[in-house]
Amino acid sequence: MGQAARLFNGSAEQTLYGRVTPTSEQRQFLQDQWNAMADHLKAKLADWGYPISTWIQGSYKYGTLIKPVHKGEEYDVDVGIYFSWDPQDAQASPTAQQLRTWVQNALVEYKQGVAEITEVVDPAKERCSRAIYQRQFHIDTPTYHLDSAKDARRLACLSGAWEDSDPKLLYKWFRDIVGSDNREQLRRLVRYLKGWAAVAFEETPEARPSSILLTVSTAEASNELWGARLWAIADDDALIAIVAKLYERFIRDRKVSNPVDRNEDLNRIPNDAWDAFLTRLAVLNDAAETAHVAEDEASAALAWEGAFSFLMPLPETDEVEVVESSSERALMQVPDIDIGVYDRKDGSLLATYRNEVPSVPKDRWLVFNIVNRHVVPQYADISWTVRNDGEEADHIGDLGHIQRGISMHSVGEATAYRGKHYMDCVIRLNGTVFAVRRVPVYIKTDQQKLLTQSQRSWMTLRTRKGRRR
Ligand SMILES: [Mg+2]
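Residues numbered from 1 in each chain as written. Predicted model: local features only at pLDDT ≥ 70, side-chain atom pairs only at ≥ 80, totals over all residues. Heavy atoms only, no water.

1. Topic: the pattern of salt bridges
Part 1 of the argument: Counted under the stated rule, the structure contains 30 salt bridges.
Part 2 of the argument: Salt-bridge contacts for Glu305 lead to Arg387; the nearest nitrogen and oxygen are separated by 3.0 Å. Taken together, the positions of Glu305 in helix α11 (residues 297-308) and Arg387 in strand β16 (residues 381-387) put the pair 82 residues apart, joining distant regions of the chain. Pair check on accessibility: Glu305 and Arg387 agree, each one buried.
Part 3 of the argument: Of the charged contacts in the structure, one is a salt bridge between Arg387 and Asp424, with a shortest N-O distance of 2.7 Å. Separated by 37 residues along the polypeptide, Arg387 in strand β16 and Asp424 in strand β19 (residues 419-429) bring together distant segments of the chain. An identical accessibility class is assigned to Arg387 and Asp424; each is buried. (Salt bridge = Lys/Arg side-chain N within 4 Å of Asp/Glu carboxyl O. Helix = DSSP H or I, 4+ residues; strand = E, 2+ residues; numbered from the N terminus. Buried < 20%, exposed > 50% of the residue type's maximum accessible area, 1.4 Å probe, protein only.)

2. What to know about helix α9 (residues 235-252)
Part 1 of the argument: For α9, which comprises 18 residues, the first-to-last C-alpha distance of 26 Å matches the rise-based estimate of 26 Å (1.5 Å per residue) to within 8%.
Part 2 of the argument: When α9 is considered as a whole, its buried residues turn out to be Asp235, Asp236, Ala238, Leu239, Ile240, Ile242, Val243, Leu246, Arg249 and Phe250.
Part 3 of the argument: Where the residues of α9 are buried, they touch α1 (5-9), α7 (183-200), α8 (211-226), α10 (274-292) and α11. (Expected span 1.5 Å × (residues − 1). Contact = heavy atoms within 4.5 Å.)

3. Topic: the environment of Ser159
Part 1 of the argument: Examined against the element boundaries, Ser159 turns out to sit in the loop between β7 (152-156) and β8 (162-164).
Part 2 of the argument: In sequence terms Ser159 and Gly419 are 260 residues apart; their C-alpha atoms lie 48 Å from each other.
Part 3 of the argument: When neighbours within four sequence positions are excluded, Ser159 is seen to be in contact with Gln97 and Glu126.
Part 4 of the argument: Here Glu126 takes part through its side chain, which lies 2.6 Å from a polar atom of the side chain of Ser159. (Polar contact = N/O pair within 3.5 Å; in protein donor to acceptor, adjacent residues only side chain to side chain.)

4. Comments concerning the coordination of the magnesium ion
Part 1 of the argument: Coordination of the magnesium ion by the protein is provided by Asp76 (OD), Asp76 (OD), Asp78 (OD) and Asp140 (OD), with metal-donor distances spanning 2.2 to 2.8 Å.
Part 2 of the argument: Summarised as a motif, the one-chain spacing of the donors to the magnesium ion is D-x1-D-x61-D. Separated by 62 residues along the polypeptide, Asp78 in strand β2 (residues 75-84) and Asp140 in strand β5 (residues 137-141) bring together distant segments of the chain. (Donors = N, O, S within 2.8 Å, 3.2 Å for Na, K, Ca; no water.)

5. A few points about the packing of α7 against α8
Part 1 of the argument: Orientation of α7 relative to α8, taken along the N-to-C sense of each, is 135°, at an axis distance of 10 Å. One element, α7, and the other, α8, form an angle in the oblique class. Judged by the sense of rotation from one axis to the other, the crossing of α7 with α8 is right-handed. Residue-level inspection shows Leu186, Leu189, Val190, Leu193, Lys194, Trp196 and Ala197 of α7 in contact with α8, the latter providing Ser211, Leu214, Thr215, Thr218, Ala219 and Ser222. (Axes fitted to C-alpha atoms, helices over the stretch in contact; angles between N-to-C directions. Parallel < 35°, antiparallel > 145°, perpendicular 65-115°, else oblique. Left-handed = near helix turned anticlockwise from the far one by under 90°.)

6. A closer look at the state of the cysteines
Part 1 of the argument: Summed over all chains, the structure comprises 0 disulfides.
Part 2 of the argument: Cys128 provides the cysteine sulfur closest to Cys157, a residue in no disulfide bond, and the two sulfurs are 10 Å apart. (Disulfide = S-S within 2.5 Å.)

7. Re the domain arrangement of the protein
In many reports, interface size means the accessible area that the parts give up when they come together.
Part 1 of the argument: Partitioning the protein into domains gives domain 1 (5-12 + 176-299), domain 2 (24-169) and domain 3 (317-464).
Part 2 of the argument: Taken over C-alpha atoms, the centre of domain 1 sits 31 Å from the centre of domain 3.
Part 3 of the argument: Taken together, the contact between domain 1 and domain 3 spans 4 residues of the former and 5 residues of the latter.
Part 4 of the argument: The largest contributions to the domain 1 side of the interface with domain 3 come from Glu295, Asp296 and Ala298, which together make up 84% of the buried area.
Part 5 of the argument: Where domain 1 meets domain 3, there are 0 salt bridges.
Part 6 of the argument: Seen at the junction of domain 1 and domain 3, the total is 2 residue pairs in polar contact (both at pLDDT 80 or more).
Part 7 of the argument: Residue composition of the side of domain 1 that touches domain 3, grouped by class: 1 nonpolar, 1 polar and 2 charged. (Domains from an automatic or database assignment. Buried area = accessible area lost by both parts, 1.4 Å probe. Nonpolar A, V, L, I, M, F, W, Y, C, P; charged D, E, K, R; others polar.)

8. Description of the environment of Gly160
Part 1 of the argument: If you trace the backbone, Gly160 turns up in the loop between β7 and β8.
Part 2 of the argument: Residues Gly160 and Pro313 lie 153 residues apart in sequence; the distance between their C-alpha atoms is 47 Å.

9. Overview of the side chain of Asp394
Part 1 of the argument: Here Asp394 lies in helix α12 (residues 391-396).
Part 2 of the argument: According to the relative accessible area criterion, Asp394 is buried, its value standing at 11%.
Part 3 of the argument: If we skip the residues at most four places from it in the chain, Asp394 touches Thr23, Gln26, Lys67 and Leu399.

This is how it looks when you write it as structure tokens:
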């Protein structure tokens, strides 16, 4: 079993899977919203005289939906709208543009009665209309002609074109490719990779792989590696193998044919962004290879952090000490961090804590500061990663962020969401982790008075420098 299996999808306080996957309450909320919209559209659009049906598609259908991970991102839900008619009957055939206008108008009208909808995007997109909701999500409504006799579907484009596109066929392909025993694990693997895509392409959004590209290429890699027999392999080990396979594949050939329509290339990353994609995939592959030879959970987690950033949880500890194998000596003393609590940025100091903030209200300004700077090597690369947790951060879709720089001994952060969060300080030199200090920060709304800190001893994990031989 891989060293980080517990942190991927096991018993850890936080898991990578838990951090990227919507809760059942969140899924239920989305389902209620799209059901209500689908019911309304079905009733309204029936006025045009064609039988109407709807079908949920996309990530929600595939079971690979992930949470929004940055502030401002949204859940993406796709509800297909199907108009049925017999194509032989020329008189009864509406145009693609008519269908799109009817759906767009019905959505605009629906918005009038639903306070949660903030906008119906106008003009509509080429392949769908979009309704944006208040609570970090939108619903897309791709619109199709359904030929029931032939069980065939084509997508109505705004430009007037009909595109051969059958979401049902591709879904069936995905559902059946790895066998029912492995389906849940395949879904988890796709979710991990979508999480990676959400954090690794912030600077180069044009190089970000689409959901469908990751879904199809991951399913194909799984099928090549293990087929339909039961895999019985831990998630992190499975991901290591998948990433190696994807890297190999994409270096050789960038094309990803739609498995149910070989003429369609699902890879829409533009040519001039392809190198940026490959470089980020190389970083992920390197993290996976390092995790593969890691001696223990802490070093595996720190390797994965290189690709998954704040999404990757670290082991539940206060500090990680890194020892040299030959001498058993720690590379450096784990530094202490003082946290000043201010009423606002550049405001007045209310309290100071060490290595932990036992309780602080929202809307305060925290300054994290390495106290014993002399223990830190010169030119050390210091990263400060915020790992948010709890319902509030989840609802906003803000799971964390990272600041990193040479000799960055101090950083500031606002307190925004109720819950237990971490500020993780990782000190590296020439790419090697030298020490980690995890600062838990408890943000409470009912706690206006700042507590004095009670003494406790810090839990230390020891890990070995370098790779397992
Ligand atoms: Mg969509």
